[in-house]
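As a plain string of letters, each chain reads:
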Amino acid sequence: MKRSSERNRITQGRQHFQGLIVNMNFDELLRTPHKRFNPLLREWVLVSPQRNDRPWLGKVEKVQSPSASAFDPSCYLCPGNKRAGKKLTPQYKKTYTFDNDYPALLSGTAALQFDEAGLLVGQAEPGVCRVMCFSPRHDLTIPRMSLQELRGVIDGWVEQYSSLAQMSWIRHVQIFENRGELMGASNPHPHCQIWANASLPNLPAREWGSLRGYQEEKHSCLLCDYLKLELQLNARVVCQNDAFAAVVPFWAVWPFESLVLSKRHLGSLEQLSGKERDLLGDILRRITVRYDNLFETAFPYSMGFHQRPTGCGACEEWHLHAHYFPPLLRSATIQKFMVGYELLGSPQRDLTPERAALLLIEAGETHYLDRAPEKDGS
Ligand SMILES: [Zn+2]
Ligand SMILES: [Zn+2]
Ligand SMILES: [Zn+2]
């Protein structure tokens, strides 16, 4: 029942063909204003390729990365510096995780609810908020880390997910990184946040519903099937290794949005083998180097993992993945805004996901700061 109503909803968009559903090929799709379906969130994104027929005229300004030093005496995440409430960040050597000094959620919150006629509804939400510094170095971002250093970060994520999952009341662990002032990062010291709470947040809940629905209908995994198709078509795959692939999803909303998918069907970081943890570090470094190279800047983004809910048994239908949502559009200084039609109707993009993937492929995997300087006159 649920699936057929879903199909009805999908076909509603075809009503203007008055019953005639005309198939088009991919080249025709790329020449036509169209909408694409996101099967994870079950929503649409408008794509207007005709508006992108103009050449790449956007002003491409190079913004030099701030020459951050390895230690900043005023940074509360640098080793040995003071934090809020007279706390001290210790002399850490690898990664360092601590409870957020200004947590959005509190673990001691009691189970209370508010309900006024079913219209004004609120629930107390207990949770834990932590901060994890990737490295003692103030200037060492993910794309500039060695594979060994990245392995340390991934081991830290696994440790956090596993220990939080052991708390019986925790249902979901969200690991995410806000990089750059544009994304509201409050401190440039490379770090991520870990929020764990008692209920499933909106987006993972919707994705889980889609993964379960697909499993029930097709007896297969939505993201395994999607990845297989992307690898076959090879139109949006940016890079891959033996365990992971980074693709610009067919339904991407942000100009250079990407989705990192595990090739093996697994639900959480803790199920990765040692080799796969190394390969996760490899793919994260490669996609972020490409991002930095795109406009030769420290590319801002919000990224995070979607993992199976904790305390739900096996949750076999869940498929581990990471989303990157970067806001930049045409240069280091031109960003995409979600305004107007996007706030009121649906998200929209001009640059096609295929073109975005191509630009990321062309961006290469040698970090622009590591390239040999060009000689004058040569
Ligand atoms: Zn710092
Ligand atoms: Zn899968
Ligand atoms: Zn997701």
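This text goes with the structure placed above it.
Description of the structure in this document. The structure displayed is predicted, hence computed values, not measured ones.

Helix and strand counts for the chain come out as 8 helices and 16 strands. The buried share of the chain, taken over its 378 residues, is 47%. Considering only intrachain contacts with a sequence separation of at least 6, the fraction spanning at least 24 residues in the chain is 68%. If you sum the accessible surface of the chain, you get close to 19,600 Å²; carbon and sulfur atoms cover 54% of it.

Another aspect to go through is the sheet that holds strand β2 (residues 43-47). With respect to topology, 3 strands assemble into an open sheet ordered β1-β2-β16, the strand pairing being mixed. Sheet topology places β1 (34-38) and β16 (348-349) at the edges, where each strand pairs with a single neighbour. Both β2 and β16 contribute to a ladder of 2 bridges, which runs parallel. By the bridge assignment, V47 is partnered in β16 with R349.

Turning next to the coordination of the zinc ion (ligand 3). Every protein donor of the zinc ion (ligand 3) is listed here as E207 (OE), E207 (OE), H306 (ND1), H321 (NE2) and H323 (NE2), and their distances to the metal cover 2.0 to 2.2 Å. Here the donor residues of the zinc ion (ligand 3) share one chain and are spaced in sequence as E-x98-H-x14-H-x1-H. Here H321 matches H323 in class, with each residue buried.

This next bit is on the coordination of the zinc ion (ligand 2). Each donor-metal-donor angle would ideally measure 109.5 degrees in four-coordinate tetrahedral geometry, or 90 or 180 degrees in six-coordinate octahedral geometry. Here the zinc ion (ligand 2) is held by the protein donor atoms C221 (SG), C224 (SG), H265 (ND1) and H319 (ND1), which lie 2.0 to 2.3 Å from it. Around the zinc ion (ligand 2) sit 4 donor atoms; with metal-centred angles ranging over 105 to 115°, the donor geometry is tetrahedral. Along the chain, the residues donating to the zinc ion (ligand 2) fall in the pattern C-x2-C-x40-H-x53-H. Within this pair, whereas C224 is found in helix α5 (residues 222-233), its partner H319 is found in the loop between β12 (301-306) and β13 (321-325), the two being separated by 95 residues in sequence. Note on C224: relative accessible area 23%, which makes it partly exposed.

Conventions we followed
Per chain, the residues get numbers from 1 upward, laid out in the order the sequence is written. Lettering of chains starts at A and numbering of ligands starts at 1, both following the order in which they are written. Thresholds applied to this predicted model are a pLDDT of at least 70 for local features of residues and 80 or more for the giving and counting of side-chain atom pairs; totals over whole chains, interfaces and linings are not thresholded and use all residues. No hydrogens and no water enter the side-chain calculation; it runs on all heavy atoms of the structure. Helix and strand definitions here come from DSSP, where helices need a minimum of 4 consecutive H or I residues and strands a minimum of 2 consecutive E residues; each element is numbered from the N-terminal end. The buried label applies to any residue whose accessible area, calculated with a 1.4 Å probe on protein chains only, is under 20% of its type's maximum; exposed applies above 50%, and partly exposed to all values in between. The contact criterion used throughout is that any non-hydrogen atoms of two residues lie within 4.5 Å. Accessible areas in this description were obtained via Shrake-Rupley with a 1.4 Å probe; residue shielding takes into account the shown protein chains only. Two strands are said to pair when DSSP picks up at least two bridges between them. Any N, O or S atom lying within 2.8 Å of the metal counts as a donor, with the limit raised to 3.2 Å for Na, K and Ca; because water is left out of the atom set, some sites can appear incomplete. The rule is simple: four donors are tetrahedral if all their angles sit between 85 and 135 degrees, four are square planar and six octahedral if opposite donors span more than 155 degrees and the others lie between 65 and 115, and anything that fits none of that is irregular.

No statement about biological role is implied by the geometric values presented.
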